[in-house]
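A structural walkthrough
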Amino acid sequence: MVFVLNKNKKDSKGVIVFNSAEALFFRKKFIEKIYTKEINLLKRDYFFFMHWSWALRNEATVPYIDFHLAPIGGGSFQNKKANRIINYSSRNFIDKIFRRKNYKKVYDVISVLRPTPEKGFKSLINAASKVYKKKKFVKFLIIFPMVSDKDFYGQTNKFYTDLIKDYKSHIKKEHRKYFTLLPINTFDGDYMLDKEQMCNFYNLSKICILPSLIEGGNRAIHEALLCGCPIIYYKNVVGGVADYMEKNNSISYSSESDLPNKIVKALKNSKFFKINQKKTKQLVSEEYQIPKFKKLLNKIYSSNKLKFDKNIDLKELDRKLDSHKINLPKNLRMKKSNHIKDFTSFYKYICILLNRRPSILKLTAVAVLQLIFYFLRFLKYEIYIKLKYK
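Please read all numbers here as calculations on a predicted model, not as lab measurements.

Each value, and the rule that gives it
- Residues numbered from 1 in each chain as written.
- Predicted model: local features only at pLDDT ≥ 70, side-chain atom pairs only at ≥ 80, totals over all residues.
- Heavy atoms only, no water.
- Pairing = 2+ DSSP bridges.
- Helix = DSSP H or I, 4+ residues; strand = E, 2+ residues; numbered from the N terminus.
- Axes fitted to C-alpha atoms, helices over the stretch in contact; angles between N-to-C directions.
- Contact = heavy atoms within 4.5 Å.
- Patch = residues over 30% accessible without salt bridge, like charges linked within 9 Å, V, L, I, M, F, W, Y side chains within 5 Å.
- Areas by Shrake-Rupley, 256 points an atom, 1.4 Å probe, with all protein chains shown as cover.
- Salt bridge = Lys/Arg side-chain N within 4 Å of Asp/Glu carboxyl O.
- Buried < 20%, exposed > 50% of the residue type's maximum accessible area, 1.4 Å probe, protein only.
- 1 Å grid on protein atoms, 1.4 Å probe; cavity = no way out; pocket = protein on both sides within 12 Å on 5 of 7 lines; lining within 4 Å.
- Points joined across faces, edges and corners; volume = space filled by probe spheres on them.
- Nonpolar A, V, L, I, M, F, W, Y, C, P; charged D, E, K, R; others polar.
- Phe/Tyr/Trp six-rings, centres within 6.5 Å; stacked < 30°, edge-to-face > 60°.
- Lys NZ or Arg CZ within 6 Å of the ring centre and 35° of its normal.

**A look at the sheet that holds strand 13 (residues 250-253)**
An order of 10-9-8-11-12-13 is seen for the six strands of this open sheet, with the pairing classed as parallel. Each edge of the open sheet is held by one strand with a lone partner, namely strand 10 (179-185) and strand 13. Adjacent strand axes in the sheet meet at a mean angle of 25 degrees, parallel and antiparallel pairs treated alike. Where strand 9 (residues 140-146) and strand 10 come together, seven bridges link them in parallel fashion. Across the sheet, the residue bridging to I142 is L181, located in strand 10. Packing against the sheet, helix 7 (residues 195-203) makes contact with strand 8 (107-112), strand 9, strand 10 and strand 11 (205-210), and its axis sits at approximately 140 degrees to strand 8.

Spelled out as structure tokens, the structure:
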């Protein structure tokens, strides 16, 4: 997503935060050169920040970006000097709603993840099946956002479309009362589970599992920690998941075959986890992190001899940074997120911020070039690579 964190003023710059999904619009020079002038005009009035929702894997430079918001363990860039990383991501601004409640536990395991291949959904289903074979009737609650059936089953390369098939083949009928799948239909972004309800689900659970192979910082497990829920995570996960994991708040597993054993072990010893609540809050709660982030921004402004607006609005950064807060017009964003949908929309958005009309000539040129770009990308990923590895 992209949003204005701080509006520019006559005597000072503002701050625009782009999401890593928008890096493409800066990097593709054969299209970007058409709106280079507009980007440079905007840079005179704004600092450009970029939030990384996924792991940095030796990333190429993103032109124009002043600072990158990414977790410390989230990887790095090929050119480290040209890409300044600040150790902040959506997981560092978790709403103070997430807190411990004295609830009786209903679920043994909770997992909050998207139904995509890299999230390890299948390994979680396999692990549950093996746990049940050991006569350990662990109660699972798996919460996941769900797009429409048409979008889900129509994009086999993007979604874990065998989810229900694997559920039916691995989880026996007599065990399904212990294994709850809770798909959340977002109605094109118009509905999400309230944060208070998510807090309740964490508090009703003994442990939280993140089976992902690759992540950014991951907000869900840090919400769970604030609710007193220890974490099971993949030891070799790529990204910043392990940054705040310690023996007193988590346990890792080394392979898919190791996961069932760690689930049983963690539940057996769940009372021995001693999460340091104050330390966790200091690391990931907005209550502590917003004042620290303000100081950091103030330092950036001071080093550039600019006046910093101390009344800057830093609310809901846990949702805004990951594009879960919709604020862009429908014609500029993707259908179910706040990401800018294409190059022409990116150019239009820049013009909106500059308070000027988009050039018809430039719009046409960008539209033609993006059509060529997306067509070539389709040939590469949907045809060439599939045929190569078929």
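**Quick notes on the sheet that holds strand 3 (residues 46-51)**
Read across the sheet, five strands follow the order 1-2-3-5-7 without closing on themselves; strand pairing throughout is mixed. Looking at which strands have only one partner, the edges of the open sheet turn out to be strand 1 (3-6) and strand 7 (85-86). Where strand 1 and strand 2 (residues 14-19) come together, three bridges link them in antiparallel fashion. The partner of V4 across the bridge, within strand 2, is I16. Each of strand 2 and strand 3 is contacted by helix 3 (residues 36-45), which is oriented at about 105 degrees to strand 3, the strand it contacts most. Contacts from helix 11 (residues 286-303) reach strand 1, strand 2, strand 3, strand 5 (67-69) and strand 7, with the element oriented near 140 degrees to strand 3.

**Topic: a nonpolar patch on the surface**
Judged by side-chain polarity, V368, I372, F375, L376, F378 and L379 come together as a nonpolar surface patch covering roughly 540 Å² of accessible area. Examined against the element boundaries, F375 turns out to sit in helix 14 (residues 360-388). Relative accessible area serves as the criterion here: at 48%, F375 is assigned to the partly exposed category.

**Digging into the layout of surface pockets**
Estimates place the volume of the second largest pocket at around 320 Å³. Lining of the second largest pocket is provided by 16 residues; of these, K105, K206, G228, P230 and S270 occupy positions nearest its centre. Taken together, the residues of the lining of the second largest pocket break down into five nonpolar, five polar and six charged.

**Some points on the packing of aromatic side chains**
Per the stated rule, a full pass over the model turns up 33 aromatic pairs. Aromatic side chains F121 and Y160 sit 5.8 Å apart centroid to centroid with 45 degrees between the ring planes, which places their arrangement in the tilted category. Of this pair, F121 sits in helix 4 (residues 121-133) while Y160 sits in the loop between helix 5 (149-153) and helix 6 (163-170); the two residues are 39 residues apart in sequence, bridging distant segments of the chain. Between F137 and Y178, the aromatic rings sit 5.3 Å apart at their centres with planes inclined by 20 degrees, giving stacked as the arrangement. Of this pair, F137 sits in the loop between helix 4 and strand 9 while Y178 is found in the loop between helix 6 and strand 10, placing the two residues 41 residues apart along the sequence. In this structure, K13 is placed above the aromatic ring of F47, and the distance from its NZ or CZ to the ring centre is 4.8 Å. Here the guanidinium or amino end of K43 rests over the ring plane of F48, the centre of that ring lying 4.7 Å away.

Any link to function would need more than the numbers given here.
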